[in-house]
Amino acid sequence: MPAVIDLTNSDSDSSEQDIESRSNTVSSEPPNDGPNSSIPKPLVKAVSSVSEKRLREIVLDLAAQVPAAKQFLEQELLVANGAKRPSTVRWETCEKCAEEFDMGEEREDGECVYHPGEMMPDYEEGFVDWDESCHGPVDTEENRRQYPENFIWTCCDELGTASGCVRDEHAPARASRKRARH
Ligand SMILES: [Zn+2]
Ligand SMILES: [Zn+2]
């Protein structure tokens, strides 16, 4: 991989200070003109468009080369896991509601709203004019995303657009990811 920015040569001291002062303002008072205001627009654009894989490589390079960046990333991405065990991942995706949540926060009953059942096509009222021979199969993930109003939840008999019928605590999806066949 080509080195995109060489942080070791020129003024690495000032870039460390920048990162430190920014991490301080984030916790106390965010500036009115947005957190990205001090970053040049072309850079913001490049970060938005770069591939996830390359961005991950760059972030790890940054952490390896700039101690303050490593510290900042540890604060943002890790959470202490008790005195004896090492730090663990801070941001997890909930296996129930599929939202990202902060493992560093205390779990709260009702923070997670979801349907434990499945979305089944509503042939009687939803997909009335849908001809599978020309529109394709009804029961697909794409249709669930595109026409949720034409589906019914098996858990509560509500429309696919209805908000979750169960309130619970978020739970990390890691355990079930291991079991899933991929
Ligand atoms: Zn439900
Ligand atoms: Zn959840």
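Here the residue index of a chain counts from 1 through its sequence in written order. A letter from A marks each chain and a number from 1 marks each ligand, given out in the order of writing. In view of the model being predicted, local features appear only for residues whose pLDDT reaches at least 70, and side-chain atom pairs are presented and counted only at 80 or more, with totals across whole chains, interfaces and linings using the full set of residues. The side-chain figures draw on all heavy atoms in the structure; neither hydrogens nor water molecules are used.

**Focus on the coordination of the zinc ion (ligand 1)**
Only His115 (ND1), Cys155 (SG), Cys156 (SG) and Cys165 (SG) from the protein reach the zinc ion (ligand 1) as donors, at distances of 2.1 to 2.5 Å. If you look at the zinc ion (ligand 1), its 4 donor atoms make angles of 101 to 117° with each other, and the shape they trace is tetrahedral. The rule for donors is simple: N, O or S, within 2.8 Å of the metal, or within 3.2 Å if the metal is Na, K or Ca. Water isn't counted, so a site may look like it is missing partners. Summarised as a motif, the one-chain spacing of the donors to the zinc ion (ligand 1) is H-x39-C-C-x8-C. When a residue's accessible area, from a 1.4 Å probe over protein chains only, is under 20% of the maximum for its type it is buried; when over 50% it is exposed; and in between it is partly exposed. The exposure class assigned to Cys155 is partly exposed, which follows from its relative accessible area of 31%. Geometry is assigned from donor-metal-donor angles: four donors are tetrahedral when every angle falls between 85 and 135 degrees, four are square planar and six octahedral when opposite donors sit over 155 degrees apart with all other angles between 65 and 115, and any other arrangement is irregular.

**Remarks on the packing of aromatic side chains**
Stacked, tilted and edge-to-face are the three classes applied to pairs of Phe, Tyr and Trp rings, where Trp contributes its six-membered ring and a pair requires centres within 6.5 Å; stacked means planes under 30 degrees apart, edge-to-face means over 60, and tilted covers the rest. Inspection of the entire model under this criterion finds 3 aromatic pairs. Judged by centre distance (5.2 Å) and plane angle (90°), the rings of Phe127 and Trp130 are edge-to-face. On the numbers, 5.3 Å between centres and 85° between planes, the contact of Phe127 with Phe151 is edge-to-face. Of this pair, Phe127 sits in the loop between β6 (119-121) and α5 (132-135) while Phe151 sits in strand β7 (residues 151-153); the two residues are 24 residues apart in sequence, bridging distant segments of the chain. In this structure, Phe127 and Phe151 share a single accessibility class: buried. An aromatic cluster is defined as three or more aromatic residues linked by ring pairs; in this entry it consists of Phe127, Trp130, Tyr147 and Phe151. We count a stretch as a helix when DSSP gives it H or I for four or more residues in a row; a strand needs E for two or more, and each element gets its number in order from the N terminus.

**Some remarks on a nonpolar patch on the surface**
Every patch collects residues that have over 30% relative accessible area and no salt bridge, joining them within 9 Å if they carry like charges and within 5 Å if they are nonpolar side chains (Val, Leu, Ile, Met, Phe, Trp, Tyr). Only the protein chains shown count as cover for residues, with accessible areas throughout obtained via the Shrake-Rupley method and a probe of 1.4 Å. Here, a salt bridge means any side-chain nitrogen of Lys or Arg that lies within 4 Å of a carboxyl oxygen of Asp or Glu. Where nonpolar side chains cluster on the molecular surface, the patch consists of Leu77, Leu78 and Trp91 and spans about 250 Å² of accessible area. Looking at Leu77, the relative accessible area reads 42%, which means it is partly exposed.

**Considerations on the coordination of the zinc ion (ligand 2)**
Distances from the zinc ion (ligand 2) to its protein donors, Cys94 (SG), Cys97 (SG), Cys112 (SG) and His170 (ND1), fall within 2.1 to 2.3 Å. Mapping the donors of the zinc ion (ligand 2) onto the primary sequence yields the spacing C-x2-C-x14-C-x57-H. Of this pair, Cys94 sits in the loop between β3 (91-93) and β4 (100-102) while Cys112 is found in strand β5 (residues 112-114), placing the two residues 18 residues apart along the sequence. Across this residue pair, the class does not change: Cys94 and Cys112 are buried.

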